[in-house]
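Survey of secondary and tertiary structure
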Amino acid sequence: MSVPGKILIVDDEDTIRWVLNRKLSKVGYQCDEAENAEQAVGKLTACSTDLVVLDIEMPGKHGNELLPEIQSHFPETSVVMASGVTDTRVIAQCIKDGAQDYIRKPFTLEDVLLSVTLALEKRQLELQIREYLKNERPGLRGFFLETIRTLVNNLEANDKYTAGHSQDVTELSLAIGQRLNLAPEELEDLYWGALLHDVGKIAIDPRILNKPGELTPEEYRHIMTHAIVGPNLVQPLVNNSVVSIISHHHDHYDGGGFNQLIAKEDIPLGARIVSAADAFNAMTSDRPYRTAMSLPEACAEMQRCAGSQFDPRVVNTLMGINRRSNTQA
Ligand SMILES: [Fe+2]
């Protein structure tokens with residue numbers, strides 16, 4: 001099914017704009033062109049646009065810098081990146097910043113057509129869901145979220161080692177959030193961010209997810225895509241704070257995590273809390289490749305990684321909770 005729409009092709013190369021314009025117009029899309037970021041913003045402001053095909057390396061502002069601006073100023077416009085840049089960190093960041101797809105140059109026209117068609121179909125579906133949730137049934141958003149929560153529970157229940165993991169991480173995250181005096185709205189976001197932090201694992205090959213031995217670098221990369229898939233999956237149903245908790249829950253405090261671009265206080269506090277709660281819960285649970293650490297061992301490990309992997313303030317708070325529950329036991 002092809003969804004007709006208005007497309008803006010942003011590329012500094014005349015030939016590429018011309019070829020794409022011709023191909024996409026031929027199948028019924030209404031196309032316009034811009035040769036740099038400034039011209040693109042002017043055209044997006046002047047006329048509502050369904051999708052932007054965006055190059056990265058252009059004179060002036062680059063496409064990956066323009067992408068977040070499009071997302072915040074024109075949230076109903078989808079973006080497909082089409083670029084010769086092959087750096088995986090740049091590609092991952094574009095997807096995290098909301099690009100629907102990333103096509104590498106040299107591309108075939110069929111690749112672009114397929115990507116544009118899928119992105120527009122997805123956009124139409126999201127707009128319909130948003131509209132439906134806004135106008136028709138206020139309770140439906142809750143219904144969808146409950147369905148996703150059940151899906152995560154079922155996914156974890158299939159594996160005795162991870163059963164109940166997200167629920168436990170949520171309880172611990174909220175206990176930390178309360179002690180850090182988060183506002184009620186922030187605790188609500190933290191609740192959903194923690195509960196859905198691993199929702200993207202739905203798309204991960206279960207043989208790799210539950211592999212008893214050590215992961216190869218390729219398998220590790222595959223598993224880590226859950227932090228990109230998850231936010232995209234729940235984006236129509238939750239607010240941006242929840243989306244960024246899920247996106248950044250594997251970021252390291254010192255910036256040294258996988259494909260990570262931000263560090264320290266730039267990482268949302270909710271993500272820093274979920275990161276510590278997630279690791280602490282994993283350390284104190286059995287895994288196929290090791291038995292659970294004792295509480296003192298896990299606390300020592302968390303403190304060893306405070307300042308590198310984890311936010312020291314969050315670790316201190318977690319240690320406080322642990323001391324308190326040990327005293328009460
Ligand atoms: Fe995760």
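None of these values were measured; they are calculated from a predicted model.

Moving on, we get to the overall build of the protein chain. Across its full length, the protein chain holds 15 helices and five strands. Against the compact-globule benchmark of 20 Å for 329 residues, the protein chain has a radius of gyration of 22 Å, which places it among compact chains. Referenced to the eigenvectors of the C-alpha coordinate spread, the extents of the protein chain come out at roughly 70 × 45 × 35 Å. Each of the 329 residues in the protein chain was classed as buried or not, and the buried ones make up 33%.

Taking strand neighbours across the sheet as the criterion, the five strands line up as β2-β1-β3-β4-β5 in an open arrangement whose pairing is parallel. The sheet is open, and its two edges are formed by β2 (30-34) and β5 (101-104), each paired on a single side. Each adjacent strand pair in this sheet contributes to an overall mean axis angle of 20°, direction not counted. As paired elements, strand β3 (residues 51-54) and strand β4 (residues 78-83) share four bridges and run parallel to each other. Each residue of the ladder has a partner; that of Leu51, found in β4, is Ser78.

What follows is about the pairing of β3. Neither face of β3 is open: one carries Leu51 and Val53, the other Val52 and Leu54, and all of them are buried. Examined bridge by bridge, strand β1 (residues 6-10) and β3 share four bridges and lie parallel to one another. Counted as the bridge partner of Val10 is Leu54 from β3. This β-α-β element, β3 to helix α3 (residues 63-73) to β4, shows right-handed connectivity.

This part takes up the domain arrangement of the protein chain. Domain annotation of the protein chain identifies domain 1 (6-135) and domain 2 (140-328). Taking only C-alpha atoms, the centre of domain 1 and the centre of domain 2 are 32 Å apart.

A word on the packing of helix α8 (residues 184-195) against helix α13 (residues 269-283). As a packed pair, α8 and α13 sit with axes 10 Å apart at the nearest point and diverge in direction by 45°. Relative to α13, the element α8 lies oblique. With respect to the hand of their crossing, α8 and α13 are arranged in right-handed fashion. Residues Asp189, Leu190, Gly193 and Ala194 of α8 lie in contact with α13, whose contacting residues are Gly270, Ile273, Val274 and Ala277. Residues belonging to the contact of α8 with α13 are distributed by class as follows: five nonpolar, two polar and one charged.

Of note, the bond from Lys105 into Pro106 is cis; its omega dihedral lies within 30 degrees of zero at 0°. Structurally, the position occupied by Pro106 is in the loop between β5 and α5 (109-135). The phi dihedral of Asn181 falls on the positive side, at around 60°, and the residue is not glycine. Relative to the helices and strands, Asn181 resides in the loop between α7 (165-179) and α8. The exposed category is assigned to Asn181, around which 8 C-beta atoms lie within 10 Å. Its identity as a non-glycine residue notwithstanding, Lys264 has a phi of 50°, on the positive side. As for its position among the elements, Lys264 is in the loop between α12 (240-247) and α13. We classify Lys264 as partly exposed; it has 13 C-beta atoms within 10 Å.

Conventions used here
- Residues numbered from 1 in each chain as written.
- Predicted model: local features only at pLDDT ≥ 70, side-chain atom pairs only at ≥ 80, totals over all residues.
- Helix = DSSP H or I, 4+ residues; strand = E, 2+ residues; numbered from the N terminus.
- Rg over C-alpha atoms; globule rule 2.2 N^0.38 Å.
- Buried ≥ 20, exposed ≤ 12 C-beta atoms within 10 Å, placed from the backbone.
- Pairing = 2+ DSSP bridges.
- Axes fitted to C-alpha atoms, helices over the stretch in contact; angles between N-to-C directions.
- Right-handed = clockwise from strand over helix to strand, strands pointing away.
- Domains from an automatic or database assignment.
- Parallel < 35°, antiparallel > 145°, perpendicular 65-115°, else oblique.
- Left-handed = near helix turned anticlockwise from the far one by under 90°.
- Contact = placed C-beta atoms within 7 Å.
- Nonpolar A, V, L, I, M, F, W, Y, C, P; charged D, E, K, R; others polar.

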